[in-house]
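A look at the structure
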Amino acid sequence: VKAAKEHSIPQDLNKVLENKVMETILGLSHVKLSVVERTCSGDADSEGIVSKSVSSHSDLIPGVYEGGLKIWECTFDLMDYLSEAEIEFANRTVLDLGCGAGLLGIVALQGEAARVHFQDYNSTVIDEITLPNVVANCISEGRSGKDRKASKPPSKRPRKAEGSPDVLSRCRFFSGEWSQVSQLLSNSKPCLKYDIILTSETIYNPDYYSALHDTLAQLLAGNGRVYLASKVHYFGVGGGVYLFEKFIEDKNVFRTSLVKTIDQGLQRCIMEIAFKNSC
């Protein structure tokens, strides 16, 4: 079990972007992974996940590395849905669970969320991927979600952090296994509950369903909503939408609805989850 840890935000934000090369996708900046793979070692990767992932040619090493270095396709599905459905983030508390690159949480920040917290299994992912992405999108350019589409894509050069770091005062970053992070957040004063929990590609392994379900039950506000993006079936691992739906049904805590299905390529879905007794 990987213990929970909160990651502090460095005072010198230029350190966060040091040696990082940024790319852009759907108007959002993100760290170029191939550069991280070449440069991340030693103390910056105390878990050794970068070298292990590269040497094993694997995007998933259960219990060691859970895929957070890579941006998975369902993240883009959920970003599209949040825009299409006009999900309101203003003044809400949001958790990007299994955040990886943190793009979903960044969308919430640009939607004026009151607080956005990011969680990933691996501490290296938070320090080397998530935090730099948040800084690059919300600090360096000083751009809002409304005007980022009209602006020029950032160049593939190391960036300097300029402008106000006010956005970061609304952020917290956590690593560790779900049950441990849930316990850490629940023990904080006041106890943290989230109006919206965003999560993508987190139900690939049925072994994790109990921990995920309990985390959602513990951290979701009474009338909150979870938006979960997933492939219908994960070949080779065994998880998927219908298996997780059945798991939730058996627990009898939440109600679920499939709010969008994407049929291009491997079939994928967006699931909305809420407490059974909620409005």
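Reading the values: rules and limits
Residues numbered from 1 in each chain as written. Predicted model: local features only at pLDDT ≥ 70, side-chain atom pairs only at ≥ 80, totals over all residues. Heavy atoms only, no water. Helix = DSSP H or I, 4+ residues; strand = E, 2+ residues; numbered from the N terminus. Rg over C-alpha atoms; globule rule 2.2 N^0.38 Å. Buried < 20%, exposed > 50% of the residue type's maximum accessible area, 1.4 Å probe, protein only. Contact = heavy atoms within 4.5 Å. Areas by Shrake-Rupley, 256 points an atom, 1.4 Å probe, with all protein chains shown as cover. Lys, Arg positive; Asp, Glu negative; His and termini not counted. Charge placed at Lys NZ, Arg CZ, Asp CG, Glu CD. Axes fitted to C-alpha atoms, helices over the stretch in contact; angles between N-to-C directions. Parallel < 35°, antiparallel > 145°, perpendicular 65-115°, else oblique. Left-handed = near helix turned anticlockwise from the far one by under 90°. Nonpolar A, V, L, I, M, F, W, Y, C, P; charged D, E, K, R; others polar. Pairing = 2+ DSSP bridges. Phe/Tyr/Trp six-rings, centres within 6.5 Å; stacked < 30°, edge-to-face > 60°. Polar contact = N/O pair within 3.5 Å; in protein donor to acceptor, adjacent residues only side chain to side chain. Salt bridge = Lys/Arg side-chain N within 4 Å of Asp/Glu carboxyl O. pLDDT = per-residue confidence, 0-100.

This next bit is on the overall build of the chain. A count of helices and strands for the chain gives nine helices and 10 strands. At 18 Å, the chain has a C-alpha radius of gyration in line with the 19 Å of a compact globule built from 279 residues. Across the 279 residues that make up the chain, the buried fraction comes to 52%. For the chain, the share of sequence-separated contacts (at least 6 apart) that also reach a separation of at least 24 residues comes to 71%. Of the roughly 12700 Å² of accessible surface on the chain, a fraction of 49% belongs to carbon and sulfur atoms. The chain carries 31 positive and 35 negative side-chain charges, and their two centres are separated by 3 Å.

Two elements in contact, helix α7 (residues 178-186) and helix α8 (residues 209-219), have axes separated by 9 Å at closest approach and are oriented at 15 degrees. With respect to each other, α7 and α8 are oriented roughly parallel. In the crossing of α7 with α8, the sense of the turn from one axis to the other is left-handed. Each of Trp178, Ser179, Ser182, Leu185 and Ser186 in α7 lies in contact with α8, whose residues at this interface are Ala211, Leu212, Thr215, Gln218 and Leu219. In the contact of α7 with α8, the residues fall into five nonpolar, five polar and no charged.

Time to look at the pairing of strand β9 (residues 254-262). As defined by bridge partners, β9 adjoins strand β10 (residues 268-275) across eight bridges and the pair is classed as antiparallel. Residue pairing across strands places threonine 256 opposite isoleucine 273, the latter belonging to β10.

Let us now look at the packing of aromatic side chains. Under the definition given, this model contains eight aromatic pairs. An angle of 65 degrees between the planes, with centres 6.2 Å apart, marks the rings of tyrosine 204 and tyrosine 234 as edge-to-face. Remark: tyrosine 234 occurs in the loop between β8 (220-231) and α9 (241-251) and tyrosine 204 occurs in the loop between β7 (194-200) and α8; sequence separation between them is 30 residues. Across the pair, tyrosine 234 and tyrosine 204 agree in class, each one buried. Arranged with centres 5.8 Å apart and planes meeting at 75 degrees, the rings of tyrosine 209 and phenylalanine 247 form a pair that is edge-to-face. With tyrosine 209 in helix α8 and phenylalanine 247 in helix α9, this residue pair connects regions lying 38 residues apart in the sequence. The class of phenylalanine 247 is partly exposed, set by a relative accessible area of 23%.

Time to look at the side chain of histidine 117. With respect to the element layout, histidine 117 can be found in strand β5 (residues 115-120). By relative accessible area, which is 1% here, histidine 117 ends up buried. For histidine 117, the side chain forms a polar contact with the side chain of tyrosine 194, separated by 2.7 Å. When near neighbours in sequence (up to four residues on either side) are disregarded, histidine 117 contacts Val94, Leu95, Asp96, Arg170, Cys171, Arg172, Phe174, Leu192 and Tyr194.

The final tally for this structure, using the stated rule, is 10 salt bridges. For lysine 231, the salt bridge goes to glutamate 201, with nearest N and O atoms at 3.0 Å. Of the two residues, lysine 231 is situated in strand β8 and glutamate 201 in the loop between β7 and α8; the sequence distance between them amounts to 30 residues. One network of salt bridges, with partners in common, ties together Glu73, Asp77, Glu201, Lys231 and Arg268.

Quick look at the environment of threonine 130 now. By the secondary structure assignment, threonine 130 is in helix α6 (residues 123-140). Taking the C-alpha atoms as reference points, threonine 130 and valine 31, separated by 99 residues in sequence, lie 8.6 Å from one another. Beyond its immediate sequence surroundings of up to four residues, threonine 130 is in contact with Cys99, Gly100, Ala101, Gly102, Phe118, Val125 and Phe173. Here glycine 100 takes part through its backbone oxygen, which lies 2.6 Å from a polar atom of the side chain of threonine 130.

Regions with low pLDDT carry predicted coordinates that are not meant to be interpreted in detail. Scored by pLDDT, the chain has a mean of 87; 91% of the residues are at 70 or more. Here residues 141-164 is a poorly scored stretch, pLDDT under 50, and it has 45 contacts once near neighbours within four places are set aside; other chains count.

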